[in-house]
Amino acid sequence: MVRLPLTPAEVERGQRLGALLRRARGDRSMLVTALDAGVSPETLRKIESGRVATPAFSTIAAIADVLGLSLDAVWSAINQSDGRAEFAGSGRNAGERLAS
């Protein structure tokens, strides 16, 4: 199966997702976060750096769960054109960690 190139909008959304996850992770180690989510640290690194702009839903769901973020909030935040959406996570003071 041939995969079509990503659109500029998809690339930008992937970069916003990566930035959002980095902010939500805060001081928490990338290794611990990845292992708790059941993904490899390299996968998390690629998502956070924007190199994987369209990660699998289950991967993002697992990472969001570990970081205490709701999927609705993640989707809303990454679809904002300026990337500075305000939202509350689903727990563990996620809203405080995401404040810019």
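Once a new chain begins, its residue numbering starts again from 1 and follows that chain's sequence as written. Local features are withheld for residues below a pLDDT of 70 in this predicted model, meaning they are given only at 70 or higher, and side-chain atom pairs are given and counted only at 80 or more; totals for whole chains, interfaces and linings count all residues. The basis for every side-chain value is the complete set of non-hydrogen atoms in the structure, without hydrogens or water.

Participant: Any chance you could break down the nonpolar core for me, citing the residues and the numbers?
Facilitator: One finds L17, L21, I63, L69 and V74 to be the most contacted residues of the largest nonpolar core, which totals 19 residues. A per-element tally of this core places helix α4 (residues 57-67) first, with 5 residues. We call a set of buried residues a nonpolar core when its members are Ala, Val, Leu, Ile, Met, Phe, Trp, Tyr or Cys and they connect through side-chain atoms within 4.5 Å of each other. Partly exposed residues are those whose accessible area sits between 20% and 50% of the maximum for their type, while under 20% is buried and over 50% is exposed, using a 1.4 Å probe and protein chains only. The secondary structure listing takes helices from DSSP runs of H or I that are at least 4 residues long and strands from runs of E that are at least 2 residues long, numbered from the N terminus.

Participant: Could you give an account of the pattern of salt bridges, naming the residues involved and the relevant values?
Facilitator: Should a side-chain nitrogen of Lys or Arg be within 4 Å of a carboxyl oxygen of Asp or Glu, the pair is scored as a salt bridge. Under the defined criterion, the tally for this structure stands at 5 salt bridges. Of the charged contacts in the structure, one is a salt bridge between E48 and R25, with a shortest N-O distance of 2.8 Å. Taken as a pair, E48 in helix α3 (residues 41-49) and R25 in helix α1 (residues 8-25) lie far apart in primary sequence, 23 residues in all. The residues E48 and R25 share a single accessibility class, namely buried.

Participant: If you had to explain the confidence of the model for the protein chain to someone new, which residues and values would you point to?
Facilitator: Regions with low pLDDT carry predicted coordinates that are not meant to be interpreted in detail. pLDDT runs from 0 to 100 and stands for how confident the predictor is about each residue. Counting all residues, the mean pLDDT for the protein chain is 85, and 80% of those residues have values of 70 or more. The least confident element of the protein chain is helix α6 (residues 94-98), whose mean pLDDT is 45; the most confident is helix α2 (residues 30-37), at 98.

Participant: With reference to specific residues and values, describe α2.
Facilitator: Every buried residue belonging to α2 is among M30, T33, A34 and A37, and all of these are buried. Within α2, the buried residues cover an arc of 95° as seen down the axis, which keeps them to one side. The residue sitting at the N-terminus of α2 and contributing the capping side-chain oxygen is S29; that oxygen lies 3.1 Å from the backbone nitrogen of L31. Looking one or two residues beyond α2, the residue adopting positive phi is G38, at roughly 80°. This arc describes the spread of directions from the helix axis toward the C-beta atoms. Each polar contact in these results corresponds to two N or O atoms within 3.5 Å; when the atoms are within protein, one needs to be able to donate a hydrogen and the other to accept it, and residues that are neighboring in sequence are counted only if both atoms are side-chain atoms.

Participant: Summarise the packing of α1 against helix α5 (residues 71-78); cite the residues concerned and give the values.
Facilitator: Each axis is a line fitted through C-alpha atoms, and for a helix only the stretch in contact is used; angles between axes span 0 to 180 degrees, taken between their N-to-C directions. For the pair α1 and α5, the least separation of the axes is 9 Å and the interaxial angle reads 130°. As judged from the angle between their axes, α1 and α5 are oblique. Crossing handedness for the pair α1 and α5: right-handed. Here R13, R16, L17 and L20 of α1 lie close against α5, whose contacting residues are V74, W75, A77 and I78. Angle categories are assigned with fixed cut-offs, so that under 35 degrees is roughly parallel, over 145 is roughly antiparallel, 65 to 115 is roughly perpendicular, and the rest are oblique. Note: crossing handedness is left-handed where the near helix turns anticlockwise from the far helix by less than a right angle, and right-handed where it turns clockwise. Residue contacts follow a heavy-atom distance rule, with two residues in contact if any of their heavy atoms lie within 4.5 Å.

Participant: Residues and numbers for α3, please.
Facilitator: Buried within α3 are the following residues: L44, I47 and E48. Considered in projection along α3, the buried side chains sweep an arc of 95° and stay on one side of the axis. Against the buried residues of α3 lie α1, α2 and α4. Phi turns positive, to about 85°, at G50, one or two residues after α3.

Participant: Explain the packing of α1 against α4 to me, using residue names and the numbers behind them.
Facilitator: Packing of α1 against α4 leaves a shortest axis separation of 10 Å and a crossing angle of 30°. By the angle between their axes, α1 is roughly parallel relative to α4. The handedness of the crossing between α1 and α4 is left-handed. Side by side, α1 and α4 meet where L17, L21, A24 and R25 of the first sit next to I60, I63 and L67 of the second. Nonpolar residues are Ala, Val, Leu, Ile, Met, Phe, Trp, Tyr, Cys and Pro. Charged residues are Asp, Glu, Lys and Arg, and all others, Gly as well, are polar. Residue composition of the contact of α1 with α4, by class: 6 nonpolar, no polar and 1 charged.

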